[in-house]
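# Descriptive analysis of the structure
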Amino acid sequence: MAAWILMPGDNRANPNDAAQVALGKALYAQHCASCHGVKLEGQPEWRERKPDGKMPAPPHDATGHTWHHPDDILFGITKQGIAAYAPPGYESDMPAFDGVLTDEQIWALLAYLKSSWPMDIQARQSILKQQEKK
(Lines give C-alpha, C1' and ligand atoms only; values in the text may rest on other atoms or scores of the structure.)
Protein backbone atom coordinates (compact mmCIF):
# COMPACT_ATOMS: atom_id res chain seq x y z
CA MET A 1 0.00 0.00 0.00
CA ALA A 2 1.29 3.44 -0.87
CA ALA A 3 2.15 5.95 1.82
CA TRP A 4 -0.52 8.31 3.10
CA ILE A 5 -0.03 11.97 2.21
CA LEU A 6 -0.33 14.07 5.35
CA MET A 7 -1.28 17.69 5.25
CA PRO A 8 1.09 20.04 7.10
CA GLY A 9 0.47 19.90 10.84
CA ASP A 10 -1.94 16.98 10.57
CA ASN A 11 -0.41 13.99 12.30
CA ARG A 12 -3.00 13.07 14.89
CA ALA A 13 -4.17 9.93 13.04
CA ASN A 14 -1.19 8.96 10.92
CA PRO A 15 -1.58 5.67 9.05
CA ASN A 16 2.16 5.77 8.26
CA ASP A 17 3.14 5.74 11.93
CA ALA A 18 3.72 2.04 12.59
CA ALA A 19 3.62 2.42 16.38
CA GLN A 20 0.38 4.41 16.30
CA VAL A 21 -1.23 1.93 13.87
CA ALA A 22 -0.13 -1.04 16.02
CA LEU A 23 -1.64 0.58 19.12
CA GLY A 24 -4.83 1.32 17.18
CA LYS A 25 -5.04 -2.26 15.93
CA ALA A 26 -4.75 -3.64 19.47
CA LEU A 27 -7.35 -1.18 20.77
CA TYR A 28 -9.68 -1.97 17.88
CA ALA A 29 -9.44 -5.69 18.67
CA GLN A 30 -10.25 -4.99 22.32
CA HIS A 31 -13.00 -2.36 21.99
CA CYS A 32 -14.43 -2.38 18.46
CA ALA A 33 -14.06 -5.70 16.64
CA SER A 34 -16.90 -7.41 18.51
CA CYS A 35 -19.36 -5.09 16.75
CA HIS A 36 -17.52 -3.69 13.72
CA GLY A 37 -15.90 -7.00 12.76
CA VAL A 38 -12.42 -8.43 13.09
CA LYS A 39 -11.69 -7.40 9.50
CA LEU A 40 -13.47 -4.01 9.78
CA GLU A 41 -16.41 -5.51 7.84
CA GLY A 42 -19.26 -4.30 10.08
CA GLN A 43 -22.43 -6.17 10.91
CA PRO A 44 -24.62 -7.82 8.24
CA GLU A 45 -27.29 -5.58 6.72
CA TRP A 46 -25.63 -2.56 8.32
CA ARG A 47 -27.81 -0.13 6.32
CA GLU A 48 -31.07 -1.59 7.66
CA ARG A 49 -32.51 -1.09 11.14
CA LYS A 50 -32.47 -4.08 13.46
CA PRO A 51 -35.73 -5.31 15.04
CA ASP A 52 -35.03 -3.07 18.06
CA GLY A 53 -34.91 0.00 15.75
CA LYS A 54 -31.18 0.56 16.16
CA MET A 55 -28.73 0.65 13.29
CA PRO A 56 -26.13 -2.13 13.09
CA ALA A 57 -22.42 -1.33 13.32
CA PRO A 58 -21.15 -0.18 9.91
CA PRO A 59 -17.94 -1.38 8.32
CA HIS A 60 -14.80 0.68 8.81
CA ASP A 61 -13.08 -0.71 5.74
CA ALA A 62 -13.35 0.97 2.35
CA THR A 63 -16.84 -0.50 1.75
CA GLY A 64 -18.37 1.54 4.55
CA HIS A 65 -18.89 5.25 5.04
CA THR A 66 -16.32 5.95 7.75
CA TRP A 67 -13.97 7.51 5.22
CA HIS A 68 -16.74 9.91 4.16
CA HIS A 69 -16.16 11.84 7.39
CA PRO A 70 -13.24 14.08 8.36
CA ASP A 71 -10.99 13.02 11.22
CA ASP A 72 -12.41 15.50 13.73
CA ILE A 73 -15.93 14.12 13.23
CA LEU A 74 -14.71 10.52 13.55
CA PHE A 75 -12.85 11.49 16.71
CA GLY A 76 -15.96 13.17 18.14
CA ILE A 77 -18.22 10.22 17.35
CA THR A 78 -15.80 7.86 19.03
CA LYS A 79 -15.26 10.03 22.07
CA GLN A 80 -18.76 11.50 22.60
CA GLY A 81 -20.97 8.92 20.93
CA ILE A 82 -23.06 9.12 17.79
CA ALA A 83 -25.99 11.18 19.14
CA ALA A 84 -24.29 14.55 18.66
CA TYR A 85 -23.51 13.77 15.00
CA ALA A 86 -26.36 11.62 13.69
CA PRO A 87 -29.65 12.77 12.24
CA PRO A 88 -32.70 12.83 14.54
CA GLY A 89 -34.06 9.37 15.25
CA TYR A 90 -30.79 7.59 14.55
CA GLU A 91 -30.14 5.01 17.25
CA SER A 92 -27.25 2.60 17.62
CA ASP A 93 -25.48 0.58 20.26
CA MET A 94 -22.29 2.62 19.77
CA PRO A 95 -21.09 3.80 23.17
CA ALA A 96 -19.13 6.94 23.88
CA PHE A 97 -15.51 6.10 24.71
CA ASP A 98 -14.78 9.23 26.75
CA GLY A 99 -13.31 7.97 30.01
CA VAL A 100 -12.57 4.57 28.46
CA LEU A 101 -9.98 5.61 25.87
CA THR A 102 -7.61 8.57 25.96
CA ASP A 103 -7.52 11.05 23.10
CA GLU A 104 -4.20 9.51 22.01
CA GLN A 105 -5.81 6.07 21.89
CA ILE A 106 -8.75 7.34 19.83
CA TRP A 107 -6.36 8.94 17.32
CA ALA A 108 -4.47 5.61 17.17
CA LEU A 109 -7.72 3.78 16.40
CA LEU A 110 -8.38 6.19 13.56
CA ALA A 111 -4.82 5.73 12.25
CA TYR A 112 -5.43 1.97 12.19
CA LEU A 113 -8.71 2.36 10.27
CA LYS A 114 -7.12 4.71 7.77
CA SER A 115 -4.17 2.35 7.27
CA SER A 116 -6.59 -0.24 5.86
CA TRP A 117 -8.01 2.06 3.17
CA PRO A 118 -6.66 2.07 -0.41
CA MET A 119 -4.76 5.19 -1.47
CA ASP A 120 -7.65 6.59 -3.50
CA ILE A 121 -9.93 6.40 -0.46
CA GLN A 122 -7.24 7.94 1.75
CA ALA A 123 -6.87 10.78 -0.74
CA ARG A 124 -10.63 11.40 -0.87
CA GLN A 125 -10.85 11.43 2.92
CA SER A 126 -7.89 13.81 3.06
CA ILE A 127 -9.83 16.28 0.90
CA LEU A 128 -12.61 16.24 3.51
CA LYS A 129 -10.06 17.17 6.17
CA GLN A 130 -8.88 20.09 4.05
CA GLN A 131 -12.44 21.31 3.46
CA GLU A 132 -13.19 21.07 7.18
CA LYS A 133 -10.32 23.44 7.98
CA LYS A 134 -11.61 26.17 5.65
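This report concerns the structure included in the present document. (Residues numbered from 1 in each chain as written. Predicted model: local features only at pLDDT ≥ 70, side-chain atom pairs only at ≥ 80, totals over all residues. Heavy atoms only, no water.)

## A short note on the overall build of the chain
Scanning the chain from N- to C-terminus turns up five helices and zero strands. Starting at the N terminus and walking to the C terminus, you meet the elements of the chain as α-α-α-α-α. In the chain, buried positions account for 43% of the 134 residues. Of the contacts made within the chain by residues no fewer than 6 positions apart, 59% connect residues no fewer than 24 positions apart. As displayed, the chain offers around 7500 Å² of accessible surface, 57% of which is attributable to carbon and sulfur atoms. (Helix = DSSP H or I, 4+ residues; strand = E, 2+ residues; numbered from the N terminus. Buried < 20%, exposed > 50% of the residue type's maximum accessible area, 1.4 Å probe, protein only. Contact = heavy atoms within 4.5 Å. Areas by Shrake-Rupley, 256 points an atom, 1.4 Å probe, with all protein chains shown as cover.)

## Describing unusual backbone geometry
Despite not being glycine, Leu 40 shows a phi value in the positive range, around 70°. By the secondary structure assignment, Leu 40 is in the loop between α2 (33-36) and α3 (71-80). For Glu 45, which is not glycine, the phi dihedral falls at a positive 55°. Within the secondary structure layout, Glu 45 lies in the loop between α2 and α3. Accessibility expressed as a relative area gives 61% for Glu 45, which makes it exposed.

## Considering the pattern of salt bridges
Where charged atoms from two side chains of opposite charge come close, those side chains can pair. Tallied over the full model, the rule gives five salt bridges. Salt-bridge contacts for Lys 54 lead to Asp 93; the nearest nitrogen and oxygen are separated by 3.0 Å. Pair noted here: Lys 54 is in the loop between α2 and α3 and Asp 93 is in the loop between α3 and α4 (103-115), with a separation of 39 residues, a long-range link. A salt bridge links Asp 103 to Lys 79; its shortest N-O distance comes to 2.6 Å. With Asp 103 in helix α4 and Lys 79 in helix α3, the pair connects residues that are 24 residues apart, well separated along the chain. Looking at Asp 103, the relative accessible area reads 35%, which means it is partly exposed. (Salt bridge = Lys/Arg side-chain N within 4 Å of Asp/Glu carboxyl O.)

## A word on the packing of α3 against α4
Two elements in contact, α3 and α4, have axes separated by 10 Å at closest approach and are oriented at 125°. Comparing the axis directions of α3 and α4 gives the class oblique. As α3 runs across α4, the sense of the crossing is right-handed. Each of Asp 71, Asp 72, Leu 74, Phe 75, Thr 78 and Lys 79 in α3 lies in contact with α4, whose residues at this interface are Asp 103, Ile 106, Trp 107, Leu 110 and Lys 114. Classifying every residue of the contact of α3 with α4 gives five nonpolar, one polar and five charged. (Axes fitted to C-alpha atoms, helices over the stretch in contact; angles between N-to-C directions. Parallel < 35°, antiparallel > 145°, perpendicular 65-115°, else oblique. Left-handed = near helix turned anticlockwise from the far one by under 90°. Nonpolar A, V, L, I, M, F, W, Y, C, P; charged D, E, K, R; others polar.)

## Thoughts on the environment of Trp 107
With respect to the helices and strands, the residue Trp 107 is situated in helix α4. Given the relative accessible area of 11%, Trp 107 is considered buried. When the C-alpha positions of Trp 107 and Asn 14 are compared, they lie 8.2 Å apart, and in sequence the two are 93 residues distant. Beyond its immediate chain neighbours, meaning those up to four positions away, Trp 107 contacts Arg 12, Ala 13, Gln 20, Asp 71, Asp 72 and Phe 75.

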